[in-house]
Amino acid sequence: MKVGECKGIRFPWRGIIEEYREFFPVMEKTPIVTLKEGNTPLIKAENLKKKLGIDLELYFKFDGANPTGSFKDRGMTLALSKAMEEDSKAVICASTGNTSASASAYAAKAGIKAIVLIPEGKIALGKLAQALVHRAHVIQITGNFDEALNIVKALVEKYPITLVNSINPYRLEGQKSAAFEICDQLGFPPKFHALPVGNAGNITACWKGYKEYKRAEKITSLPIMLGFQAAGAAPIVRGRPIKNPETIATAIRIGNPANWKGAIESRDESGGRIEAVTDDEILNAYTLIASVEGIFCEPASAASLAGVMKLYKENYFRAGDCVVCTLTGNGLKDADVVFKVLKEPLKVKADIQAVVKALEGII
Ligand SMILES: *Cc1c(COP(=O)(O)O)cnc(C)c1O
């Protein structure tokens, strides 16, 4: 081969649509819009198991390793591919941040417009930066996510724009792929799959994925689904919409989930649970995952581990149970949270003695 002669990628991961094509509603003519999402690491949490003294086979599915830093990319590749197939000129979404980041990036790749409505002041800076840099038309509303979603729903009734929130059925279709990957990576389905729950699209999608994989005889059993909401934004747990949801975990700050029914079905059909965890429990899990396992996830992502720790204390699991926790997003998006939880670094004079003194007991 000549130096500098570029022949393409030799061992490509082709993105979730091409890798699992038979499971998706795409046609020969569907233009595939992909940033090669999926194929995210499944990491065995040995350190955490020792540190907490828990007798579980615990794994993290780190979906923060997706191209825009969250699992939303799994759904967006399909939503944008179908929008292109239908010759759409623009996509629109309401977002707590990651949906808009993902929609903006995939719209940029597809070469069409993205419009995003976000609740003012309530989205993580990194996510807002993503929407802006991908050149989406960003509109902040003086209201919350649920209000933004209502406006977006009304707009698509009137204008020829494609809605790419998780009420777009293709979003959930794409998000099924996380379940396929977990089964392929383990060689079997886990006994439990734990996820944070906001709009409840992901838990609904993963459950659908497991059922389809079983029907296709790729697996012979199904996992038990565990969903965790933040205590201040736990409509499904409380059994009624929450008017002013509050939590540090902005990605799951949702008072009236669009996929409420899907979450209940996932729980009941699998014999699982949907529970609430407090912000303190979420933040504890968040710093633990980072400091012990070396994975920096979003606060919302840590609700999965926080919930598993809570159920463990209630003796919910059996010894040696295999539990997969989805870590839904990358912590860099919302790094401000770190400074709310941890102390600023020490500041000393620029001389060796001062540094040695500051490191007393450490070196
Ligand atoms: C969207 C999102 C969630 C919530 O997922 P749903 O499908 O809305 O339940 C959780 N964590 C992160 C990081 C997200 O971006």
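Described in the following lines is the structure provided in the data block. In this text, all values refer to a predicted model and were calculated from it rather than measured experimentally.

Topic: the overall build of the protein
Working step 1: Tallying secondary structure elements over the protein gives 15 helices and 10 strands in all.
Working step 2: Rg of the C-alpha trace for the protein: 21 Å, near the compact-globule value of 21 Å for 363 residues, within the 12% margin.
Working step 3: Projected onto the principal axes, the alpha-carbon positions of the protein cover approximately 65 × 60 × 50 Å.
Working step 4: Put simply, the protein has 363 residues, and 55% of those count as buried.
Working step 5: Here the contacts in the protein between residues at least 6 apart in sequence split such that 71% fall between residues at least 24 apart.
Working step 6: Accessible surface computed for the protein: about 16900 Å², of which carbon and sulfur atoms make up 53%.
Working step 7: Computed over 47 positive and 40 negative side-chain charges, the separation of the two mean positions in the protein equals 2 Å.

Description of the site of the ligand
Working step 1: In the region of the ligand, 16 residues are neighbours, and Lys72, Asn98, Asn199, Ala200 and Thr328 sit closest.
Working step 2: Backbone polar atom of Asn199 to an oxygen atom of the ligand: 2.7 Å apart, as the coordinates give it.
Working step 3: Counting atoms within 2 Å of the grid points, the majority share of the ligand lands in the largest cavity.
Working step 4: Looking at the shell around the ligand, its residues break down into seven nonpolar, seven polar and two charged.

Thoughts on the pattern of salt bridges
Working step 1: Evaluated as defined, the whole model comprises 22 salt bridges.
Working step 2: Glu181 serves as the salt-bridge partner of Arg74, at 2.9 Å between the closest nitrogen and oxygen. Linking Arg74 in helix H3 (residues 72–85) with Glu181 in helix H8 (residues 177–186), this pair joins segments that are 107 residues apart in sequence.
Working step 3: Overlapping salt bridges bring together Lys44, Glu46, Lys49 and Glu57 as one network.

Details of the side chain of Thr247
Working step 1: Take Thr247: it is sitting in the loop between helix H10 (235–238) and helix H11 (260–270).
Working step 2: A distance of 2.7 Å separates the side chain of Thr247 from the side chain of Asp279, its partner in a polar contact.
Working step 3: Ignoring any residue separated from it by four or fewer positions in sequence, one finds Thr247 in contact with Ala230, Ala233, Ile252, Arg253, Asp279 and Ile282.

A look at the packing of H8 against helix H9 (residues 201–215)
Working step 1: Two numbers describe how H8 lies on H9: the axes approach to 7 Å, and their chain directions differ by 55 degrees. Our classification of the angle between H8 and H9 gives oblique. Viewed along their axes, H8 and H9 form a crossing whose handedness is right-handed. Residue-level inspection shows Ala178, Ala179, Phe180, Ile182, Cys183 and Asp184 of H8 in contact with H9, the latter providing Cys206, Gly209, Tyr210, Glu212 and Tyr213.
Working step 2: A class-by-class count of the residues in the contact of H8 with H9 yields eight nonpolar, one polar and two charged.

Side note on helix H4 (residues 98–110)
One full turn of an α-helix is made of 3.6 residues, so residues set three or four places apart face in the same direction.
Working step 1: Between its first and last C-alpha, H4 extends 18 Å over 13 residues, near the 18 Å set by a 1.5 Å rise per residue.
Working step 2: Within H4, 11 of the 13 residues are buried, leaving the element largely enclosed by the surrounding structure.
Working step 3: As for H4, its buried residues are in contact with H3, strand E3 (90–94), strand E4 (113–119), helix H5 (125–133) and helix H7 (169–175).
Working step 4: Phi turns positive one or two residues past the end of H4, at Gly111, with a value near 80 degrees.

Considerations on unusual backbone geometry
Working step 1: We note that Lys36 has phi near 65 degrees; this positive angle belongs to a residue other than glycine.
Working step 2: For Lys36, a relative accessible area of 41% gives the class partly exposed.
Working step 3: A positive phi angle, close to 65 degrees, is found at Asp87, a residue other than glycine.
Working step 4: Looking at where Asp87 falls in the secondary structure, it is placed in the loop between H3 and E3.
Working step 5: With a relative accessible area of 54%, Asp87 lands in the exposed category.

Quick notes on empty space enclosed by the protein
Working step 1: Per the counting criterion, the structure on display carries one cavity of 30 Å³ or more.
Working step 2: Of the pockets and cavities examined, the largest cavity occupies roughly 300 Å³.
Working step 3: Every residue lining the largest cavity is counted, 28 residues in all, and those nearest its centre are Phe71, Lys72, Gly198, Asn199 and Ala251.
Working step 4: For the lining of the largest cavity, the elements supplying multiple residues, two or more each, are H4, H7 and H9.
Working step 5: Element by element, the count of residues in the lining of the largest cavity is highest for H9, at three residues.
Working step 6: When grouped by side-chain class, the residues that make up the lining of the largest cavity number 11 nonpolar, 14 polar and three charged.

Criteria and thresholds
Residues numbered from 1 in each chain as written. Predicted model: local features only at pLDDT ≥ 70, side-chain atom pairs only at ≥ 80, totals over all residues. Heavy atoms only, no water. Helix = DSSP H or I, 4+ residues; strand = E, 2+ residues; numbered from the N terminus. Rg over C-alpha atoms; globule rule 2.2 N^0.38 Å. Buried < 20%, exposed > 50% of the residue type's maximum accessible area, 1.4 Å probe, protein only. Contact = heavy atoms within 4.5 Å. Areas by Shrake-Rupley, 256 points an atom, 1.4 Å probe, with all protein chains shown as cover. Lys, Arg positive; Asp, Glu negative; His and termini not counted. Charge placed at Lys NZ, Arg CZ, Asp CG, Glu CD. Near = heavy atom within 4 Å. Polar contact = N/O pair within 3.5 Å; in protein donor to acceptor, adjacent residues only side chain to side chain. 1 Å grid on protein atoms, 1.4 Å probe; cavity = no way out; pocket = protein on both sides within 12 Å on 5 of 7 lines; lining within 4 Å. Sits in = over half its atoms within 2 Å of the grid points. Nonpolar A, V, L, I, M, F, W, Y, C, P; charged D, E, K, R; others polar. Salt bridge = Lys/Arg side-chain N within 4 Å of Asp/Glu carboxyl O. Axes fitted to C-alpha atoms, helices over the stretch in contact; angles between N-to-C directions. Parallel < 35°, antiparallel > 145°, perpendicular 65-115°, else oblique. Left-handed = near helix turned anticlockwise from the far one by under 90°. Expected span 1.5 Å × (residues − 1). Points joined across faces, edges and corners; volume = space filled by probe spheres on them.

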